[in-house]
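Secondary and tertiary structure notes
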Amino acid sequence: MKKNSFLIRFIDIGLIMLFGFVIISDITVRSQIELPGHNESSTGESQNILLFLEIKEANQFEITEVETQLMYDEINGLSELEEILISIRQEKQAENLDVTAVIHPQEEATMQQLVDVLDICDRIGIPKNINIPS
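Throughout what follows, the structure given in this document is the object of discussion. (Residues numbered from 1 in each chain as written. Predicted model: local features only at pLDDT ≥ 70, side-chain atom pairs only at ≥ 80, totals over all residues. Heavy atoms only, no water.)

Looking at the nonpolar core
Buried together is how nonpolar side chains tend to be arranged in soluble globular proteins. Membership of the largest hydrophobic core comes to 21 residues, with the highest contact counts inside it found for L53, I55, I63, L81, L85, I103 and V117. Elements with a contribution of two residues or more to this core: β1 (47-55), β2 (60-65), α2 (78-94), β4 (97-105) and α3 (111-124). The greatest single-element share of this core, amounting to 6 residues, is contributed by α3. With near-sequence residues (within four places) excluded, I103 lies in contact with L53, I55, L114, V117, L118, C121, K128, N129, I130 and N131. (Core = buried A, V, L, I, M, F, W, Y, C linked by side-chain atoms within 4.5 Å. Buried < 20%, exposed > 50% of the residue type's maximum accessible area, 1.4 Å probe, protein only. Helix = DSSP H or I, 4+ residues; strand = E, 2+ residues; numbered from the N terminus. Contact = heavy atoms within 4.5 Å.)

Digging into the pattern of salt bridges
Counted according to the given criterion, the structure contains 5 salt bridges. E62 is the salt-bridge partner of K56, the closest N and O atoms lying 2.9 Å from each other. As far as the burial class goes, K56 and E62 line up, both buried. (Salt bridge = Lys/Arg side-chain N within 4 Å of Asp/Glu carboxyl O.)

Concerning the sheet that holds strand β5 (residues 128-130)
Within a sheet, adjacent strands bond to each other through the backbone by hydrogen bonds, running parallel or antiparallel. Reading across the sheet, the 5 strands line up as β3-β2-β1-β4-β5 and stay open at both edges, with mixed pairing between neighbours. Pairing within the sheet leaves two strands with one partner each, and these edge strands are β3 (75-76) and β5. Pairing of β4 with β5 involves 3 bridges; the strand directions are parallel. Among the inter-strand pairings, V102 is bridged to a residue of β5, identified as N129. Its contacts with the sheet place α2 against β1, β2, β3 and β4, and it is angled at close to 15° to β2. Against the sheet, α3 makes contact with β1, β2, β4 and β5, and its axis sits at roughly 175° relative to β4, the strand it touches most. (Pairing = 2+ DSSP bridges. Axes fitted to C-alpha atoms, helices over the stretch in contact; angles between N-to-C directions.)

Some remarks on the pairing of β1
Of the strand pairs in this sheet, β1 and β4 are connected by 9 bridges, and their pairing is parallel. Counted as the bridge partner of I55 is P105 from β4. Pairing geometry for β1 and β2, over 5 bridges, is antiparallel. What sits directly across from L53, in β2, is I63. Between β1 and β2, which pair antiparallel one after the other, the connecting turn spans 4 residues, and A58 there sits at a positive phi close to 55°.

By themselves, these are just geometric observations and shouldn't be taken as functional.
Below, the structure written as C-alpha cells:
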C-alpha cells in the first residue's frame, strides 16, 4: 500500500509543477513569420520563373526554363554553370522576374555534385528546390 500512495503523491506533485509552469510561461506571439505562398493583394510583385536544372554525370548540367521550354546548351563544369546562372538571374531581374531553380539529380550524379549546385545557388541568391524521383 505504501508504494501506491508514493506513486499518487508523485503524480500530484508532477501535475502541480506542470500547471505551475503553464501558468507562469509567456505564450504571447513575439514575431510574425511570413509563410510562403502567393499574395494576390499585392500588385507590382515580380513573377517567378522556374529553371529545371538537371545534374548529369561527370559535372554535366542541363538547364531548361519550365514555362517557355527554352533549353540552354549543355553545361560542362561548375564554373560554367555558375556563370550561366548569374547571367540568367540578371537577365530575368531586368525583366522584373524572380528565378527559382528546381534541381533534379540523375542516378549517376554524386552527392557532392548536388551539394556544389546548392552552394552555387546560395552564393548567387537563387531560391532552390530538389526534385528527387521516387
